[in-house]
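Listed below, chain by chain, are the residues.
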Amino acid sequence: MKLLAKWLIGSASLLAAPYIIPGISISNFYSALVAVFILGILNITIRPILLFFTLPINMLSLGLFSLVVNAIIFWFLSTIVKGLRVDGFVAAFLGALFVSAVMFITDKILRNEE
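Residues numbered from 1 in each chain as written. Predicted model: local features only at pLDDT ≥ 70, side-chain atom pairs only at ≥ 80, totals over all residues. Heavy atoms only, no water.

Caption draft 1: Representation of helix α5 (residues 89-112) in the model. Taking 1.5 Å per residue as the helical rise, α5 with its 24 residues ought to reach 34 Å, and the 34 Å between its terminal C-alpha atoms agrees with that figure. Within α5, the full set of buried residues consists of A91, A92, G95, A96, V99, T106, D107 and L110. In the core, the buried residues of α5 are packed alongside α1 (2-20), β1 (24-26), α2 (29-53), α4 (65-80) and β2 (84-86). (Helix = DSSP H or I, 4+ residues; strand = E, 2+ residues; numbered from the N terminus. Expected span 1.5 Å × (residues − 1). Buried < 20%, exposed > 50% of the residue type's maximum accessible area, 1.4 Å probe, protein only. Contact = heavy atoms within 4.5 Å.)

Caption draft 2: Here's a closer look at the nonpolar core. Within the largest apolar cluster, 21 residues are counted, with the highest numbers of intra-cluster contacts made by L14, I24, A35, F74, L77, L84 and V86. The residues touching V86, leaving out its near neighbours within four places in the chain, are G23, I24, F74, W75, S78, A91 and A92. (Core = buried A, V, L, I, M, F, W, Y, C linked by side-chain atoms within 4.5 Å.)

Caption draft 3: Quick look at the environment of P56. With respect to the helices, strands and loops of the structure, P56 is situated in helix α3 (residues 55-60). On the accessibility criterion, P56 (53% relative accessible area) is exposed. A sequence separation of 36 residues divides P56 from A92, and the C-alpha atoms of the two residues are 23 Å apart.

Caption draft 4: Structural detail: the pattern of salt bridges. Tallied over the full model, the rule gives three salt bridges. Measuring nitrogen to oxygen at the nearest pair gives 3.4 Å for the salt bridge that ties D107 to R111. Residue D107 and its partner R111 are located together in helix α5, separated by four residues, close to a single helical turn. Through salt bridges with shared partners, a single ionic network connects K6, D107 and R111. (Salt bridge = Lys/Arg side-chain N within 4 Å of Asp/Glu carboxyl O.)

Caption draft 5: Examining the packing of aromatic side chains more closely. One pass over the full model with this rule turns up four aromatic pairs. Summarising the aromatic geometry, the rings of W7 and F37 are spaced 6.3 Å apart at their centres and angled 55 degrees between planes, so their arrangement reads as tilted. Pair noted here: W7 is in helix α1 and F37 is in helix α2, with a separation of 30 residues, a long-range link. Accessibility expressed as a relative area gives 49% for F37, which makes it partly exposed. Ring centres 6.3 Å apart and planes at 35 degrees place the aromatic pair F89 and F93 in the tilted group. (Phe/Tyr/Trp six-rings, centres within 6.5 Å; stacked < 30°, edge-to-face > 60°.)

Caption draft 6: Geometry of the side chain of S11. Structurally, S11 is set in helix α1. For S11, a relative accessible area of 0% gives the class buried. At 2.9 Å, the side chain of S11 forms a polar contact with the backbone oxygen of W7. Dropping the residues within four chain positions of it, S11 is found in contact with F29, A32, L33 and V36. (Polar contact = N/O pair within 3.5 Å; in protein donor to acceptor, adjacent residues only side chain to side chain.)

Right, here's the structure in full:
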């Protein structure tokens, strides 16, 4: 049940992102559901590999380069999912930051309910 709640809230945050961040557009709720599902798969598979290869830069920046890795994955997501468009790196960075923040808060709220 919590997985479904996270998925729906993540989709809602992706639908809300174009209203907050210029340069992001999403066509419908179905595209948002697919995008959040694929984003989860990318975060499980590709993100650890990217973080491993960027470990020296990440250590020098005290972990802030992981935000850039999130933006790269978000930007890559827009090339996979039809209906999601990200116009540039800044929009990808802010969109990834927004969706990550909403998902972090959602995770904390759902864990406190246990």
